[in-house]
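Now for the letters of each chain:
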Amino acid sequence: MKRSKRSGSLLVWSAVAATLTAGFIAANQDSRQDESVKVTFYLSTDCPVAAATSPRIVRLAEKYSNEGVSFEALFPNELETTQGIMQYAKERDFNFPVALDVAGTQARKDGVKIVPTVIVRNASGAIVYRGPLDDEKVSTRVSKSYAADALDAVLAGRTPVQKDVEPFGCFLMAGDPLPTMEEVNYAEHVAEILNEKCATCHRPGEVAPFSIIGYENAKKWSRMIAKVTSEKTMPPWLAADGVPFAHDLRLSERQIATLKTWAEAGAPQGDESKTPTPPTFPVDWALGTPDLTLEMAEPIKMGAEGEDEYWHFVIKPNITEPVYVQAIDVKPGNRTIVHHVIAFLDESGQSDRLVAAPGARSGGYRNSGGGPGFVPSNSFGGWAPGMMPTRLPEGTGFLLKPGTNVVLQIHYHKSGKEEVDQTKMALYFAKEKVEKPVSIAWLANPVIRIPAGNPEVKFTQTIPIPVDITLYNLMPHMHMLGQKMKATLVKPDGSEELLIQVDQWNFNWQFAYSLKTPHKIAAGSKLRIEAEYDNSANNPYQPHNPPKDIRWGEETTDEMMLLVAAISVDGPLNQNRGATLAERMFQLFLTGGQN
């Protein structure tokens, strides 16, 4: 595969790919169903005894795979994640399928109470051995290889001498069993999930196309709910892993499996008296009365059909002295067509020229996607369906100076009829002294080149962080060819920490992910950003027919590799330090700060 000389090696372990199947998440579908003998390892990513057996597991699998034996590893404990088990398997060179066993469903059927446990099945699927891999925690002390002996016996057509051996290790901690088809119901199992994760958008007057509030609505849409949650297209949340985020919309594997079982059972209601009270939502602004409300100068009309449109509306805040903005909220004027809103700041006045150019109307100018058409001086972040407003910590805020334009980028869908929108944004000011101005760092790689027809183009850039900073939120950004993005912090001691990972990029869901708690990053650290693109004809979002070579650009049909980060510089108050750092970081990309 041909790569740009500026691209680095992006380590991608492709031996496994997550897919929902039969109550657990399979990380590889090469299950080799035609094999006669099958071995299942029950493991846990946090059990030291299980971890110590890893080299022996690999050797066993390598030896007996050549003799027609298939292998898999299941992870039944609570709090395991698909990303976690895939990383665990990658680090240990597992070359067989790994999977989540949600709520220990299969482990319970196999009589597993301890991890690690090995299960050997014969050609008819009957368990012929259950127990430990061998007789010792430490490999150098092993004197009895129970699993290997069982495999030798069953491959020779004999019954193993040892059929059940007491395992040793960590207790199974799979949590409560999943409700069965006979048990599952809306009142006790489903309503709470929908109220917590879905009702923010799927309620009357909100942007989602239907309501799931109440049993009758949920029952009507039960099969669709099961499908989109199983596919993980809903709730909309692209971050697969990373630091803890605020207002995390992701469903657990247990919740996904429960919704699937409920739909398959015919969506029973259960005891209505046990139904939790539906959530209540603010009638006006979620954070109370704003300090300042910004509104589009006039309504804009959208046609009934056609491609999505990106418009930028220039608003001049009525302030006479500098203020610090700690939170924003957005009230779409028409939730049917407003997909997302991003607030850019323009101190240069470039947006005034854009809104006066031909084609501008309603106080706004059109852009096909990507950016606002100028290099922003800062940004307040944005809003998308399901996002809840979050205040920055005390002593921090985005500086808004008199004379600065606020430019609202609004992504509009078409609804099938003419629509009108006039969106508002609420600003909440810091009331206390601001010690740490927050600024947006535009961590971009504008030298990307994506060859036509290539389904797997990878880039890596490494950005040095010259001063101590605090991180508040992250927003990955690519266009239609984007597939994956990952940001890893490399600390001064060489250790690494995953900040955010998107495994299935979707241009239609642009999120700024607010951290649960601000994240301190030491000077001398490096930020490694990895991105992957599919420029083949098989990409369903391919904007060109036939595909053509693509470079960085503002158009949706161009591409970007951009990570937007809200940061502050640690230290005494200096209104320009944050912006200076952002500018220094941006210059690094333009002058070859990637490798």
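Refer to the structure printed above.
Residues numbered from 1 in each chain as written. Predicted model: local features only at pLDDT ≥ 70, side-chain atom pairs only at ≥ 80, totals over all residues. Heavy atoms only, no water.

Our focus in this paragraph is helix α9 (residues 253-264). Compared with an ideal rise of 1.5 Å per residue, which puts 12 residues at 16 Å, α9 spans 17 Å between its outermost C-alpha atoms and is within 8% of the ideal. Most of α9 is tucked away, with nine of its 12 residues classed as buried. E253, Q255, I256, A257, T258, L259, T261, W262 and A263 are the residues of α9 that are buried. (Helix = DSSP H or I, 4+ residues; strand = E, 2+ residues; numbered from the N terminus. Expected span 1.5 Å × (residues − 1). Buried < 20%, exposed > 50% of the residue type's maximum accessible area, 1.4 Å probe, protein only.)

The final tally for this structure, using the stated rule, is 26 salt bridges. Note that E231 is salt-bridged to K227, the shortest N-O span being 2.7 Å. The exposure class of E231 is partly exposed, given its relative accessible area of 41%. The network of salt bridges with shared partners includes E309, R366 and K414. (Salt bridge = Lys/Arg side-chain N within 4 Å of Asp/Glu carboxyl O.)

With an omega of -10°, the peptide bond between M234 and P235 qualifies as cis. Its location among the elements puts P235 in the loop between α8 (222-230) and β10 (239-242). Following N545, the chain continues to P546 via a peptide bond in cis, the omega torsion being 0°. Mapped onto the secondary structure, P546 falls in the loop between β29 (526-533) and β30 (550-551).

Looking now at the sheet that holds β29. Across a sheet, paired strands are connected by hydrogen bonds in the backbone, their directions being either parallel or antiparallel. Within the open sheet, the five strands sit side by side as β10-β27-β26-β29-β24. Their pairing is antiparallel. Strand pairing shows two members of the sheet lacking a second neighbour, β10 and β24 (457-464), which therefore form its edges. The average angle at which neighbouring strand axes cross in this sheet is 15°, direction not considered. Sheet topology note: the β10/strand β27 (residues 496-502) ladder contains three bridges and is antiparallel. Bridged to D241 within β27 is Q501. (Pairing = 2+ DSSP bridges. Axes fitted to C-alpha atoms, helices over the stretch in contact; angles between N-to-C directions.)

Let us look at the sheet that holds strand β13 (residues 309-315). The five strands lie next to each other as β16-β13-β19-β15-β17, forming an open sheet whose pairing is antiparallel. At either end of the open sheet lies a strand with only one pairing partner, and these are β16 (364-367) and β17 (378-383). On average, each strand axis in the sheet is tilted by 20° relative to the strand beside it, whichever way the strands run. Taken together, the eight bridges between strand β15 (residues 338-346) and strand β19 (residues 405-412) define a ladder with antiparallel strand orientation. Bridged to I342 within β19 is Q409.

This part takes up the state of the cysteines. Applying the stated criterion across every chain yields a total of one disulfide. Here C47 engages in a disulfide with C170; their sulfurs sit 2.1 Å apart. Across the S-S bond of C47 and C170 the torsion is about 85°, and the bridge reads as right-handed. Separated by 123 residues along the polypeptide, C47 in the loop between β3 (37-42) and α1 (48-52) and C170 in strand β9 (residues 170-171) bring together distant segments of the chain. Residue C198 stays outside any disulfide, its sulfur separated by 9.0 Å from that of C201, the closest cysteine. Since its relative accessible area comes to 13%, C198 is described here as buried. Overall, C201 belongs to the buried group, its relative accessible area being 11%. (Disulfide = S-S within 2.5 Å.)

Taken across its nine residues, β15 has nine buried, putting it largely inside the fold. Pairing between β15 and β17: five bridges, direction antiparallel. Bridging from a neighbouring strand, A343 pairs with G381 of β17.

For the structure shown, the criterion picks out 20 aromatic pairs. With a centroid separation of 6.4 Å and 40° between ring planes, the pair formed by F71 and F96 is classed as tilted. Note that F71 is positioned in strand β4 (residues 69-75) and F96 in the loop between α3 (82-91) and β5 (98-101), a separation of 25 residues in sequence. Each member of the pair F71 and F96 is classed as buried. Centre to centre, the rings of Y310 and F507 are 6.0 Å apart; their planes meet at 45°, and the pair counts as tilted. (Phe/Tyr/Trp six-rings, centres within 6.5 Å; stacked < 30°, edge-to-face > 60°.)

Glancing now at the pairing of strand β8 (residues 127-131). With four bridges connecting them, strand β7 (residues 117-121) and β8 associate as antiparallel partners. Looking at the pairing, I119 lines up with R130 of β8. Here β7 folds back onto β8 in antiparallel fashion, the turn holding five residues, of which G125 has a positive phi close to 90°.

Let us now look at empty space enclosed by the protein. Taken as a whole, this structure holds five cavities of 30 Å³ or more when the rule is applied. Size it by volume and the largest cavity reaches roughly 100 Å³. Looking at the lining of the largest cavity, the elements that each hand over two or more residues are α2 (54-65) and β7. Residue classes in the lining of the largest cavity are distributed as eight nonpolar, two polar and four charged. When its volume is computed, the second largest cavity comes out at roughly 80 Å³. If you trace the second largest cavity, you find 11 residues lining it, with L443, I469, L471, L527 and A565 closest to the centre. At the level of elements, β25 (469-477) and β31 (562-569) are the ones that each hand at least two residues to the lining of the second largest cavity. Top contributing element to the lining of the second largest cavity by residue count: β25, with three residues. A breakdown of the residues in the lining of the second largest cavity according to their chemical character gives 11 nonpolar, no polar and no charged. (1 Å grid on protein atoms, 1.4 Å probe; cavity = no way out; pocket = protein on both sides within 12 Å on 5 of 7 lines; lining within 4 Å. Points joined across faces, edges and corners; volume = space filled by probe spheres on them. Nonpolar A, V, L, I, M, F, W, Y, C, P; charged D, E, K, R; others polar.)

We now examine the nonpolar core. Within the largest apolar cluster, 92 residues are counted, with the highest numbers of intra-cluster contacts made by F380, L400, Y412, L427, L527, Y533 and L563. Judged by nonpolar contacts, the second largest core, of 43 residues, contains V58, L74, V118 and Y146. (Core = buried A, V, L, I, M, F, W, Y, C linked by side-chain atoms within 4.5 Å.)

With that out of the way, let us pick up the side chain of T40. Mapping T40 onto the fold places it in strand β3. Within the local environment of T40, its side chain forms a polar contact with the side chain of E72, the two groups lying 2.9 Å apart. What T40 contacts, discounting residues up to four positions off in sequence, is E72, L74, T117, V118, I119 and R121. (Polar contact = N/O pair within 3.5 Å; in protein donor to acceptor, adjacent residues only side chain to side chain. Contact = heavy atoms within 4.5 Å.)

This part covers the environment of T556. The residue T556 is located in the loop between β30 and β31 in this model. For T556, a relative accessible area of 15% translates into the label buried. For the pair T556 and M480, spaced 76 residues apart in sequence, the C-alpha to C-alpha distance is 6.9 Å.

Relative to the helices and strands, H519 is located in strand β28 (residues 513-521). For H519, a relative accessible area of 17% corresponds to the buried category. Among the polar contacts made by the side chain of H519, one reaches the side chain of E497 at a distance of 3.0 Å. Here H519 is in contact with V243, I469, T470, L471, E497 and L499, once residues within four sequence places are set aside.

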